[in-house]
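Architecture and fold: a report
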Amino acid sequence: MQHKEEIAKQLAKPTGLKKEEIETILEIPKSVELGDYAFPCFKLAGIMKKSPVEIAKNLASNIKLKSPISQIKAQGPYLNIFIDKKIFVEEVLNINKDYGRDNFGNKKKIVIDFSSPNIGKPMHIGHIRSTIIGDSLMRIYSYLGYEPFGINYMGDIGLHIGKLIVAWELWLNKDELKKDPVKELLRLYVKFCEKEKSQVQEGTDEQEFENNEWTNKAKEKLKLIEMGDEKAHKIWEEIRKASGKGFDRVYKMLNVEFNEVTGQSKFSEAGKEIVMNAAKKGIAKTDRETGAIYIEFDKLPKKFILRSNGTASYITQDIAAAVERNKKYKFEKMIYVTDYRQMMHFQQLFEIIKKFGYDFSDKCYHVPFGTVNFGNEIIASRAGKIVLLEDVLKKTVEKAKEEIKKRETKGDEEKIGVGAVKYIIIKNEPQKDVEFSWDQALSFEGNTGPYLQYSYARASSIINKAKKIARKIKIPKNLNEKEKELIKKILDFPKIVKEAAEKLNPSLIANYSFELSQAFNGFYTSCKVINPEEGKETEVFRLKLVDAFRTVLKNSLYLLGIEVMEEM
RNA sequence: GCACCCGUAGCUCAGCCCGGAUAGAGCACCAGCCUUCUAAGUUGGGGGUCCAAGGUUCAAAUCCUUGCGGGUGCGCCA
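The rules behind each value
Residues numbered from 1 in each chain as written. Chains lettered and ligands numbered in written order. Predicted model: local features only at pLDDT ≥ 70, side-chain atom pairs only at ≥ 80, totals over all residues. Heavy atoms only, no water. Domains from an automatic or database assignment. Contact = heavy atoms within 4.5 Å. Buried area = accessible area lost by both parts, 1.4 Å probe. Salt bridge = Lys/Arg side-chain N within 4 Å of Asp/Glu carboxyl O. Polar contact = N/O pair within 3.5 Å; in protein donor to acceptor, adjacent residues only side chain to side chain. Helix = DSSP H or I, 4+ residues; strand = E, 2+ residues; numbered from the N terminus. Buried < 20%, exposed > 50% of the residue type's maximum accessible area, 1.4 Å probe, protein only. Near = heavy atom within 4 Å. Phe/Tyr/Trp six-rings, centres within 6.5 Å; stacked < 30°, edge-to-face > 60°. Lys NZ or Arg CZ within 6 Å of the ring centre and 35° of its normal.

Assigned domains of chain A: these are domain 1 (4-83), domain 2 (114-265 + 325-383) and domain 3 (389-558). Centre-to-centre separation of domain 2 and domain 3, based on C-alpha positions: 35 Å. With 32 residues of domain 2 in contact, the opposing surface of domain 3 contributes 32 residues. Both faces considered, domain 2 and domain 3 share a buried interface measuring about 3000 Å² in area, 67% of it formed by carbon and sulfur atoms. Of all residues in domain 2, the largest losses of buried area upon contact with domain 3 belong to Arg129, Tyr143 and Met253, amounting jointly to 21% of the total for that side. Where Glu390 meets Arg249, a salt bridge forms, and the shortest distance between an N and an O atom there is 2.7 Å. Inspection of the region where domain 2 meets domain 3 yields 16 residue pairs in polar contact (both at pLDDT 80 or more).

Moving on: the pattern of salt bridges. Where side chains of opposite charge bring their charged atoms close, a pairing between them can arise. Going through the model one piece at a time under the given rule, you end up with 37 salt bridges. Two residues, Lys328 and Glu260, come together in a salt bridge whose shortest N-O distance is 3.1 Å. Note that Lys328 is positioned in helix H13 (residues 314-329) and Glu260 in strand E6 (residues 260-263), a separation of 68 residues in sequence. Judged by its relative accessible area of 48%, Lys328 falls in the partly exposed class. Under the relative-accessibility criterion, Glu260 is labelled buried at 14%. Where Lys474 meets Glu537, a salt bridge forms, and the shortest distance between an N and an O atom there is 3.3 Å. Taken together, the residues Lys474 in the loop between helix H18 (449-466) and helix H19 (481-502) and Glu537 in helix H21 (residues 536-560) connect sequence positions 63 residues apart. Its relative accessible area of 48% is what places Glu537 among the partly exposed residues. Among the ionic contacts, a cluster of salt bridges with common partners joins Asp180, Arg249, Glu390 and Lys394.

What surrounds RNA strand B is a group of 58 residues, the closest being Tyr78, Arg307, Arg407, Tyr454 and Ser461. Near the protein, within 4 Å, the atoms of RNA strand B are sugar or phosphate in 63% of cases. Asn428 has a polar side-chain atom sitting 3.5 Å from a sugar or linking oxygen of RNA strand B. Mapped by element, the contributors of at least two residues to the surface near RNA strand B are strand E3 (78-83), helix H14 (343-355), helix H15 (389-407), strand E13 (434-436), H18 and helix H20 (507-526).

The tally for this structure, following the rule as stated, stands at 24 aromatic pairs. Judged by centre distance (4.8 Å) and plane angle (35 degrees), the rings of Phe114 and Phe258 are tilted. With a gap of 144 residues between them, Phe114 in the loop between strand E4 (109-113) and helix H6 (128-143) and Phe258 in the loop between helix H11 (230-254) and E6 connect regions that are remote in the sequence. Judged by relative accessible area, Phe258 falls into the buried class, the value being 18%. For the pair Phe331 and Phe360, a centre-to-centre distance of 5.6 Å together with 90 degrees between the ring planes defines the contact as edge-to-face. Linking Phe331 in the loop between H13 and strand E10 (333-339) with Phe360 in the loop between H14 and strand E11 (364-369), this pair joins segments that are 29 residues apart in sequence. According to the relative accessible area criterion, Phe331 is buried, its value standing at 2%. Its relative accessible area of 0% is what places Phe360 among the buried residues. Of the aromatic side chains, those joined through ring pairs into one cluster are Tyr99, Tyr143, Phe493 and Tyr512. Against the face of Trp236 rests Arg240, its NZ or CZ located 4.7 Å from the ring centre. If you follow Arg325 out to its NZ or CZ, it ends over the ring of Tyr153, 5.0 Å from the centre.

The structure is reproduced here in structure tokens:
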């Protein structure tokens, strides 16, 4: 806000401090009654050798009021400053549907790698965080004038594929596959893991899967794929298709889209080439005994980047994928949204890119997020102990349907149910673990998605009743506390969006949305909008205020991927 | 062992980056508010050694150090 600078300028003389210094000292009081800005006088107390209370008093009586300042009050050691309400009100009156949008991104490209599930396995509740956070970042960057590219980089190769091929050949039920490909694939995977586990000898903890008949079978299949075996490739393709169907259903429900859907396997060859080149140049080292290629770092543990049998591993592919994206998109930033267990992997990846002589490594970011815990249930796809994301969504949608019926209201059960799940996930600070439970998911009261949507619907209901909003609106003589609080919250929006982008943290927008809705509901209960006692002019103004609120809440929820409705 | 993250009300979380006014919400609990724009709402109440101990400061949940508790990583897995 420019007000801050202006206030600092005006305070410079009477306080004898520099403008810049005052700007850092100025703070925003906890409640609107205390003013719009506050200047704590402790620092001056040290300099002037007087009590801060006294200094505040003196300053309050000595400073001449000049726009934008309309009032100055001393309160204890604080100098509380009030800004001419006209300035706030005018800003609110000017709010239109693009409020908060900006084009300072200047169409610069941002690559966001998110969701990225493993094919063959179903998406469980743990996968949702990458998907939701990534999707929100896409929206935020686009809103600020960047050009984001969302990439779904699927785990389409690895030992789990080998396992599935073995299981597919032995136990596939084609009818079940048609009916529900996700469940059938899960059944196959679980059955394989049971067989595998039955071979494990007790007490051989670390090597439990070495020389395991079943694990070896899976490894063989994996090798067949690498060698281009036709039959293995055909099954691989089938698995890809079947699990793709399941993913598509989930993405459709979540209303998440990507610019590019690709897989790790596509980057194996290019990755090997890059690594071999680096080895030739001596940047990467070769293990003399085995022939495996690795990289050493100053502060990180060494990393193998090519197996001794010459096959690519995860990081081999990641290197090639990063290089290709840089070439293709010339990005300003590339963001990986994965859980924090991969933190070191990405540190190593970025270092390797730098060591290999590419100049984009400092444009790479990793957004690490914590795990999603589901009550006491342990999520392990091996054992089939899994809470399917699709089931969670279906269940919340079902609950929404019941609620609508119970209340005899309208509303879109899909938007409510899906919004509820998204909100639980995104309202948390990414790096913290999320506690997810049925109780929480199915609760639609308090700090929840439906509460936000409900606030929007209430506001919409007023607007729809009023039919039209006047163009010319007089600035009211007085504002009550609830109106002021709502106005100030509304005006915070652009700042919050930018902060969320800067910190790669959509939860800031989620928390803001909640506070904004609280401010509205407080206003709603104490201020009548249509036919208020205060008269027609108040009605006209409040209608516009309500309209501004719903515009901003809609935009704010849009950035989280949560949809609103006019009635619920 | 080394590294990273977390620790705030019974539970789930904001606040910490950038130190300031009585530490805030939601859930749960108790007591109110629907003949007035949607009660998925709202008003009030109880409930806190901000993990602990030191340090810096006029001022610490916030910054620094150490310790404790919990999670995670340190594979030729992905």
